[in-house]
Amino acid sequence: MYQSKSHADNATIFCRDENRVDWHSKALWNLREKRDRAAASVPEWEQLRQLGSEIKLHTLSHLGDYLCQFEQKCIENGIQVHWAKDASEHNQIALNILTTHSVKKLVKSKSMLTEECHLNPFLEKHGIEVIDTDLGERIIQLNNQPPSHIVVPAIHMKKEEVGELFHQKLNTPKGESDPTRLTRAARKHLRDQFLSADAAMTGVNMAIADLGAVVVCTNEGNADMGANLPKLQIHSMGIDKIVPDADSAMVLLRMLARNAIGQPITTYSSFYRGSKVDGEMHIIIVDNGRTDIMQDNILAESLKCIRCGGCLNTCPVYRRSGGFSYNYTIPGPIGIAVGAQHDDSNTIPWACTLCGSCSYVCPTKVPLDKIIAHHRRLKAEQGKLPFGKKFYMPAVGKLMSSPTLLNCTMSSARLALKVIPHTLIKPLSGAWGHYRELPVAPKSSFDTWYKHHKAANKETK
């Protein structure tokens with residue numbers, strides 16, 4: 001994981017390997033194309049998006065009622081419910097449950113909330129071994145890295161790198177890079193972990209208020225293996241995961257996998273509403289700043305997110321800067337939307353072109369570009385603009401508001417592009433020019449072209 005604070009600095013580290021950048025971008029765009037084909041196969045896709053947005057907005061508007069209903073139904077189902085105001089309380093609650101049952105090994109399915117709370121290092125510090133059982137999560141855990149994507153956490157690693165890692169950690173043959181054989185090696189390794197675990201923990205994709213049930217979606221069945229082998233199961237969920245009923249959950253399930261990787265539905269979409277015989281089921285409901293986000297009507301819409309990762313796959317900045325450049329657990333557009341307030345470098349709101357592609361693909365119509373622009377305004381009001389912007393942006397504003405100044409400047413720029421060699425201009429254009437070819441200078445400005453054609457049209461009349 002990169003250590004420098006600025007998003008631009010972190011992105012520069014990633015961009016040093018141009019072949020990796022190109023490969024990373026193409027791999028993610030492939031997911032975007034699969035998403036588009038999957039969405040086009042559902043005639044009522046846009047109606048589903050609108051319904052999904054309304055379901056999430058309704059639930060957030062009545063959040064207290066639905067959370068209380070969910071807790072009551074869980075208790076009726078024999079589930080123990082815990083409330084945590086922040087990451088620290090969440091981790092302590094999890095530790096208390098595990099130590100009460102003398103747990104030494106915990107198998108855990110993918111959960112961005114536990115990543116957000118930094119649960120793994122906390123438990124390991126207290127002597128509990130944590131095994132991430134999602135294949136991608138296990139790869140990055142063995143590689144001592146956080147996830148770089150919320151759905152495909154090891155997307156930044158090539159199969160040859162995974163093969164070398166497995167050779168070192170799992171004793172697979174040196175040079176092995178066939179994905180099928182590497183997956184079989186991981187399955188054998190993880191099966192032993194499941195059979196020797198004392199407890200299991202999962203994230204929550206949705207929590208159904210009127211059933212007191214949680215929905216956990218995986219493609220590998222690892223959450224089911226964990227929840228059904230040990231007698232102790234724990235589920236961690238943010239307060240924003242609540243939906244009113246099973247019908248609401250079905251709407252979101254129809255979009256979740258399609259929008260993530262172009263798959264009709266996750267291979268395993270499991271509903272848990274009670275423990276196994278002679279076992280215990282615990283649910284930890286976490287705030288961790290979500291109610292603070294809800295105080296702002298624009299930022300509150302970020303809590304409609306169902307964590308499909310579609311916005312990351314389409315984002316031109318994420319695809320070419322990597323997931324470790326964002327200084328927050330969740331990268332990409334949704335990471336900016338929910339994490340900009342935690343960014344000490346005050347740079348990630350500007351890791352965005354405001355192209356709106358993220359908002360276009362979002363299954364619940366989270367207005368991500370609008371939220372990111374709002375974060376920029378909040379940073380400006382707080383006096384936390386990145387270095388330079390507070391000085392040159394006022395000058396840019398004056399330039400853009402004056403037709404005379406703008407035309408003179410653009411005229412000079414066109415002349416420079418024609419006369420001065422690009423090798424001399426590119427260093428002056430900063431990071432933008434370093435990674436791009438400079439454009440061919442147009443013959444004239446649009447303003448000149450428009451005036452010329454307008455006058456020509458008048459003459460012909």
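Quantities reported herein were computed from a predicted structural model and do not represent experimental measurements.

Caption draft 1: Structural context of the packing of aromatic side chains. Taken as a whole and assessed by the stated rule, the structure comprises 3 aromatic pairs. For the ring pair Tyr 318 and Tyr 326, a centre distance of 6.2 Å and an interplane angle of 35° mean the geometry is tilted. Across the pair, Tyr 326 and Tyr 318 agree in class, each one buried. The residue whose ring lies beneath Lys 158 is Trp 23, and the NZ or CZ to ring-centre distance is 5.6 Å.

Caption draft 2: Representation of unusual backbone geometry in the model. For Asn 171, which is not glycine, the phi torsion reads 60° and is therefore positive. Looking at the secondary structure, you find Asn 171 in the loop between α9 (159-170) and α10 (179-196). Its relative accessible area of 68% is what places Asn 171 among the exposed residues. Unusually for a residue other than glycine, Asn 346 sits at a positive phi of about 55°. Owing to a relative accessible area of 14%, Asn 346 belongs among the buried residues under this scheme.

Caption draft 3: Geometry of the pairing of strand β4 (residues 199-202). On β4, burial covers both faces: Ala 199 and Met 201 on one face and Ala 200 and Thr 202 on the other are all buried. As defined by bridge partners, β4 adjoins strand β7 (residues 232-238) across 4 bridges and the pair is classed as parallel. Its bridge partner lying in β7, Met 201 is registered against Ile 234.

Caption draft 4: Structural view of the pattern of salt bridges. The full count for this structure, using the stated rule, is 15 salt bridges. Linking Arg 20 and Asp 17 is a salt bridge whose minimum nitrogen-to-oxygen distance equals 3.7 Å. We classify Asp 17 as partly exposed; its relative accessible area is 33%. The closest approach of N and O atoms between Asp 447 and Lys 451, which form a salt bridge, is 3.3 Å. Remark: Lys 451 and Asp 447 occur in helix α24 (residues 446-460); sequence separation between them is 4 residues, near one turn of the helix. Taking the relative accessible area as the measure of exposure, Asp 447 reaches 27% and is therefore partly exposed. Residue Lys 451 is classed as exposed on the basis of its relative accessible area, which comes to 52%. What emerges from the salt-bridge pattern is a single network uniting Asp 17, Arg 20 and Glu 161.

Caption draft 5: How the structure looks around the nonpolar core. In terms of nonpolar packing, the biggest core is built from 32 residues, with Tyr 318, Tyr 326, Ile 330, Ile 334, Ile 336 and Leu 368 touching the most fellow members. Of all the secondary structure elements, the ones that give two or more residues to this core are α2 (18-40), α15 (310-314), α16 (316-321), α17 (332-339) and α19 (368-381). If we skip the residues at most four places from it in the chain, Leu 368 touches Cys 311, Pro 333, Ile 334, Ala 337, Cys 358 and Ser 359.

Caption draft 6: Broad picture of empty space enclosed by the protein. Summed over all chains, the structure comprises 2 cavities of 30 Å³ or more. Of the volumes computed, that of the largest cavity is approximately 90 Å³. As for the largest cavity, its lining consists of 14 residues, of which Cys 305, Cys 308, Cys 311, Cys 362 and Pro 363 are closest to the centre. Residues that form the lining of the largest cavity fall into these classes: 10 nonpolar, 3 polar and 1 charged. A volume near 50 Å³ is recorded for the second largest cavity. Residue lining of the second largest cavity: Cys 315, Pro 316, Val 317, Pro 333, Cys 352, Thr 353, Leu 354, Cys 355, Ser 357 and Cys 358, and that is the complete set.

What counts and what doesn't
- The numbering scheme is per chain: residues are counted from 1 as the chain's sequence reads.
- Owing to the predicted nature of the model, reporting of local features is limited to residues with pLDDT of at least 70; listing and counting of side-chain atom pairs is limited to 80 or more, with chain, interface and lining totals taken over all residues.
- Based on all heavy atoms of the structure, the side-chain values leave hydrogens and waters out of the count.
- Two aromatic rings, drawn from Phe, Tyr or Trp (for Trp, its six-membered ring), form a pair once their centres lie within 6.5 Å of each other, and the interplanar angle then sorts them: stacked below 30 degrees, edge-to-face above 60, tilted otherwise.
- Residue burial is assigned from relative accessible area. The probe radius is 1.4 Å, only protein chains are included, and a residue is buried under 20% of its type maximum, exposed over 50%, and partly exposed in between.
- Each ring is checked for a lysine NZ or an arginine CZ that lies within 6 Å of its centre and within 35 degrees of its normal; such an atom marks a charge sitting over the ring.
- Numbered from the N terminus, helices here are DSSP runs of H or I no shorter than four residues, and strands are runs of E no shorter than two.
- A pair of strands is labelled paired if DSSP reports no fewer than 2 bridges between them.
- When a carboxyl oxygen of Asp or Glu is within 4 Å of a side-chain nitrogen of Lys or Arg, the pair counts as a salt bridge.
- Working definition of a nonpolar core: buried Ala, Val, Leu, Ile, Met, Phe, Trp, Tyr and Cys residues. They are joined through side-chain atoms within 4.5 Å.
- Should any heavy atoms of two residues lie within 4.5 Å, those residues are counted as being in contact.
- Grid points spaced at 1 Å and placed over the protein atoms alone form the basis of the search, with a cavity being a set where a 1.4 Å probe fits but cannot get out and a pocket an open set showing protein on both sides within 12 Å along at least five of seven lines. Lining residues have an atom within 4 Å of a point.
- Grid points are joined across faces, edges and corners, and a volume is the space filled by probe spheres set on the points.
- Throughout, the ten residues Ala, Val, Leu, Ile, Met, Phe, Trp, Tyr, Cys and Pro are labelled nonpolar, Asp, Glu, Lys and Arg are labelled charged, and all others, Gly among them, are labelled polar.

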